[in-house]
Each structure stands twice: as structure tokens, then as C-alpha cells.
Amino acid sequence: MISSLAFIVIFLYSTYIFYIENEKRAAFRALIIGLLLPIPYFIAWYYNYNILALVLFADLIITGLLFIYPFKTPQTICDETPLTKIDERNVMFSRNELIVGSENYKNYYTKYPEKEELDNIFRKEAGLCSDKSLFNHTFAFAAAHASFFAVGQFKKAVDGQVNSNRKETDPKKMSPFLKAWGKKLGALDIGFCELKDYHLYSHKGRGDEYGNEIQNTHSHAIAFTVEMTEEMVKAAPKSSIVMESAQQYLDSGRIAIQIAEFLHHLGYSARAHIDGNYQVICPLVARDAGLGEIGRMGLLMTPKQGPRVRLGVITTEFPLTTKDRKKLNYMLDFCLRCKKCAEVCPSKSISSDNPKKVDGVKRWQINSESCFTYWCKAGTDCGRCMATCPYSHPDNLLHNAIRFGIKYSPLFRQIAAPLDDFFYGRKPKSKKLPKWMN
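Source: prediction; values computed, not measured. (Residues numbered from 1 in each chain as written. Predicted model: local features only at pLDDT ≥ 70, side-chain atom pairs only at ≥ 80, totals over all residues. Heavy atoms only, no water.)

(A) The overall build of the protein chain, seen in detail. The number of helices and strands found in the protein chain is 18 helices and eight strands. At 24 Å, the protein chain has a C-alpha radius of gyration in line with the 22 Å of a compact globule built from 438 residues. Principal-axis analysis of the C-alpha atoms gives the protein chain an extent of 85 × 55 × 45 Å. Sequence-distant contacts, at least 24 apart, represent 78% of the contacts inside the protein chain between residues at least 6 apart. (Helix = DSSP H or I, 4+ residues; strand = E, 2+ residues; numbered from the N terminus. Rg over C-alpha atoms; globule rule 2.2 N^0.38 Å. Contact = heavy atoms within 4.5 Å.)

(B) Broad picture of the sheet that holds strand S6 (residues 309–316). Overall, antiparallel pairing links the four strands, which are arranged S1-S2-S6-S3 in an open sheet. Of all strands in the sheet, those with a lone pairing partner are strand S1 (189–194) and strand S3 (270–273), marking the two edges. The mean inter-strand angle of the sheet, taken between neighbouring strand axes irrespective of direction, is 20°. Pairing of S3 with S6 involves four bridges; the strand directions are antiparallel. Among the inter-strand pairings, Ala-272 is bridged to a residue of S6, identified as Ile-314. The strands that helix H9 (residues 171–185) touches are S1 and strand S2 (220–227); relative to S1, the one it contacts most, it runs at about 145°. Strands S1, S2, S3 and S6 of the sheet are contacted by helix H11 (residues 240–265), whose axis makes an angle of about 20° with S6. (Pairing = 2+ DSSP bridges. Axes fitted to C-alpha atoms, helices over the stretch in contact; angles between N-to-C directions.)

(C) Highlighting empty space enclosed by the protein. Taken as a whole, this structure holds one cavity of 30 Å³ or more when the rule is applied. Taken as a whole, the largest cavity spans an internal volume of roughly 80 Å³. Lining the largest cavity, in full, are Arg-296, Met-297, Met-301, Phe-334, Cys-335, Cys-338, Lys-339, Lys-340, Cys-341, Cys-389 and Pro-390. Among the elements of the structure, helix H13 (329–338) and helix H14 (340–344) are those that each provide at least two residues to the lining of the largest cavity. Here the lining of the largest cavity gets three residues from one element, more than from any other, and that element is H13. (1 Å grid on protein atoms, 1.4 Å probe; cavity = no way out; pocket = protein on both sides within 12 Å on 5 of 7 lines; lining within 4 Å. Points joined across faces, edges and corners; volume = space filled by probe spheres on them.)

(D) The arrangement of a nonpolar patch on the surface in detail. Nonpolar side chains collect at one region of the surface, where Leu-12, Phe-28, Leu-31, Ile-32, Leu-35, Leu-36, Ile-39 and Ile-43 lie side by side and expose about 730 Å² of accessible area between them. Here Leu-12 shows up in helix H1 (residues 2–20). Exposure remark for Leu-12: the relative accessible area of 43% places this residue in the partly exposed category. (Patch = residues over 30% accessible without salt bridge, like charges linked within 9 Å, V, L, I, M, F, W, Y side chains within 5 Å. Areas by Shrake-Rupley, 256 points an atom, 1.4 Å probe, with all protein chains shown as cover. Salt bridge = Lys/Arg side-chain N within 4 Å of Asp/Glu carboxyl O. Buried < 20%, exposed > 50% of the residue type's maximum accessible area, 1.4 Å probe, protein only.)

(E) Focus on the packing of H13 against helix H18 (residues 410–424). Contact geometry of H13 with H18 gives a least axis separation of 9 Å together with a crossing angle of 50°. Classified by the interaxial angle, the pair formed by H13 and H18 is oblique. The chirality of how H13 crosses H18 is right-handed. Between H13, through Tyr-330, Asp-333, Phe-334, Arg-337 and Cys-338, and H18, the contact on the second element is made entirely by Arg-413, Gln-414, Ala-416 and Ala-417. In terms of residue class, the contact of H13 with H18 is made up of five nonpolar, one polar and three charged. (Parallel < 35°, antiparallel > 145°, perpendicular 65-115°, else oblique. Left-handed = near helix turned anticlockwise from the far one by under 90°. Nonpolar A, V, L, I, M, F, W, Y, C, P; charged D, E, K, R; others polar.)

(F) Examining the pattern of salt bridges more closely. For the structure shown, the criterion picks out 23 salt bridges. The shortest N-O distance in the salt bridge between Glu-317 and Arg-166 comes to 3.1 Å. Of this pair, Glu-317 sits in the loop between S6 and H13 while Arg-166 sits in the loop between helix H8 (138–154) and H9; the two residues are 151 residues apart in sequence, bridging distant segments of the chain. In this structure Glu-317 comes out as partly exposed when scored by relative accessible area, which is 33%. Residue Asp-381 is joined to Arg-310 by a salt bridge in which the shortest nitrogen-to-oxygen separation is 3.5 Å. Of this pair, Asp-381 sits in the loop between helix H15 (368–378) and helix H16 (384–388) while Arg-310 sits in strand S6; the two residues are 71 residues apart in sequence, bridging distant segments of the chain. The exposure class of Arg-310 is buried, given its relative accessible area of 12%. Each of Glu-80, Arg-287, Asp-288, Glu-293, Arg-325 and Lys-327 takes part in salt bridges that share partners, so that together they form one network.

(G) Representation of the side chain of Glu-23. Position of Glu-23 relative to the elements: it lies in the loop between H1 and helix H2 (24–36). Under the relative-accessibility criterion, Glu-23 is labelled buried at 13%. Among the polar contacts listed, one links the side chain of Glu-23 to the side chain of Lys-431, at a separation of 3.1 Å. Leave out the neighbours within four places in its chain, and Glu-23 touches Phe-18, Tyr-424 and Lys-431. (Polar contact = N/O pair within 3.5 Å; in protein donor to acceptor, adjacent residues only side chain to side chain.)

(H) Spotlight on the packing of aromatic side chains. For the structure shown, the criterion picks out 17 aromatic pairs. Relative to Phe-372, the ring of Phe-122 has its centre 5.0 Å away and its plane inclined at 90°; by these criteria the two rings are edge-to-face. In this pair, Phe-122 sits in helix H7 (residues 113–123) while Phe-372 sits in helix H15, placing the two residues 250 residues apart along the sequence. Pairwise contacts between aromatic rings join Phe-18, Phe-422, Phe-423 and Tyr-424 into one cluster. Over the ring of Phe-422 we find Arg-29; its NZ or CZ atom is 4.6 Å from the centre of that ring. Between Lys-115 and the ring centre of Tyr-112, over which it is positioned, the NZ or CZ distance is 4.5 Å. (Phe/Tyr/Trp six-rings, centres within 6.5 Å; stacked < 30°, edge-to-face > 60°. Lys NZ or Arg CZ within 6 Å of the ring centre and 35° of its normal.)

Have a look at this one:
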């Protein structure tokens, strides 16, 4: 009897959560299950207490297996450390900025002739935030432009003048202050790590410093996340996604500039790494700072918001207090099983295969050329993988309970993705744009 009442409460709560999420299919299915599932329990209770005892015992055993039994989690799904540095000139954003016929254009494609044919495909498309793109939205694209323009104004402030009158500061006091202040500024989560050689690009690929070798002597890094609003993300690849991306690049840039200037004022060298002006590979830094793992889609997967975040990084000479990070193998194991992002990707740029050796390192790698070509066709930065990832669901009791099961039970991991498919669909349709955008 207790189990049947528990089922009713759980599924009615789930129905309520799905309803306020405007997930009609999920709400209907949860309601039907909540009404039908307790029936055998009531029948057993009404006719035979012995049967009821067996049902309750079986219920207890199954629950124990799902959430308690320590099945092994694979420990070597992906390798940890890249063996070579990445040249930012090879990144799609850098290649997109090459002006046809320019010296940089000629030099790059002389060195990589095989990439010119691939890149000419995306150059034939309308382009990001173009009024000829698939998801043109005049106001949203103008808003995205305004945010990116504001980010551009930050570029002159990524390096600041360091106060010659250094204020000696205890690292044990600095770390908790930065975490608390960073969250007050708008960061979702914040962590620290030692700056490693593989965190840095080998050469600059964007802006006036194009082609320059990266020179960064800092010893530590601060990484943080900012949340992308679910309402704006779930309509991806429609125009709300690029509008939200631009806004969060702006917010993360503001926070990074503030923290860097804070360190300058204390007398320590620091550099903010913001959109269009990076020296570091942000997902690698954020991963090593303990903020998540790099999943199948190539984005940082955080434990609560999944990939629905943007990243900010500050490098500094200040000797921050760091901890050895714990590899979140359960998240990588879930990515190994789920494959939903690969299913929904409009350009089929995400592999559904297991991680493979890339430059000597076992990891997932997306097809960046086909991905970016779709961006240029859509006019947005797509975001379908981000919108449909089961980890991107809202931060509430229902979804946190699912995350708890994924974290602690390898057996539950096997049914978590199918459960998500059952309620939300294997290839859920993009949501409508927020009403205020129309």
C-alpha cells in the first residue's frame, strides 16, 4: 500500500513538473503511468496480504539494485591529457574570419590546401545572423549583434596595468573569496587549476595578433560557467539560441574582466580570456578546474546544467589554492550510452561511435566543418545538441533525482536515456520561440 501511494505521489509530481515545462507528451504519459501502475498493488492489498508482501519485497530489491548496487563504471572512456597543442588558426571561427585573397588566406590554404574546398562550402551559405539564413529574426539578430559588439569593447581590457604596490594575499583566503564573489557577479560555478601547457593554443588565430605564438607565463587559471536560459535554448536552432549565446558571452566576458582587474589591483598579473580573444582552450581549463567533463558533443558537460552553459577563464600568476580534480566517469559513461545529441544533430556532425584515437588521444571529435556549415545556413549557432541533452533539463527535484541516479548507479544509467526518450521523444521537436520575441 505504501509503495502504491509512493508511485502516485512520484508520478503526479512528475506530471506537474512536465506541465510547467510545457511538455504535454511527457505530462500525459507520467499521468497515465501514475494512475495505472498502483493498480496491481491495490489488487494485491485487497485480496491477499502475502502477495502484497512479495510485491513490496521485490520492489525493495529492484530499487536497491538500481540505486545502491555498485556495478563498475569504465575508467578509461576518454584519455585525460592532449599530447599536442591546438593551433587556433585551425579553428572554424578563425577560418571564417579569413578574407579571401588576403595574405593570411593564401598562407593558410597553402599550408592546408585540403581545407580550402571544405571551407568554401560554408562560404557559399548565408552566414551567421544573415537576413538570408533559415532562421532569420530581425530583432534577435540585432540583439546578438549588440551583445557581440559589447564583447568587442572588452578586448582592450583583457590585459590591464598591474599595480606596482603589491598587496600580499593569503591564497587560502583568496580562493573562497573569489568563489563567493564570482557567483555574486553572476557565475554559476567557479573553480581553479594549475595552468598546463596543453591548455594554451600554440598560435593566435583571430584579430590583430593572428599568427603570433602564444606567450603566457601564468601559473594558474580561474574557470567559471554562466547559465544559458533554458527558455532560450530549447527553441534551438531558431534565433533565440544565438541571441542567448551572445548574451552569455557578454556576461562571461564582463565577469572575467572584473576578476582580472581585481587581481591587477592587488598587484598580480592576470589576463581575461573572452570571446574572440582567447589564448586558452576554455573547455580543457574548465574541466581541469573541476567544473565538468568534455562529452560526446565536444562541449563541457556540467553535473547540473549539462552543456547549457558558457565559459569564462582568467589566467594569473597568483598562486591559487587548487585541488586534484575527480574525474567524473559517470558523466562520460552516460555520454557513451545516450547518443541523443548525435541523433538530433541537423548536420550529422556528432559521432555515435565510441571515442577513438585523435592525435594519439582517445576522445570524441565532432566534424567541425559540417557543423559550422550548418551554422552558416541556419544563421545561428544551432545548439540542438545542447537543447536536447538530458542533462540540460531544469534544476529541480525531479531532474536532480535523475542526475543522482546517473551519478551513483551504472545500472540506472542504462535506462536513464531510454526514459528520457519515452517522455520527451528520441528526436524532440524544437520548441517555439519565447512569446515575448514575437
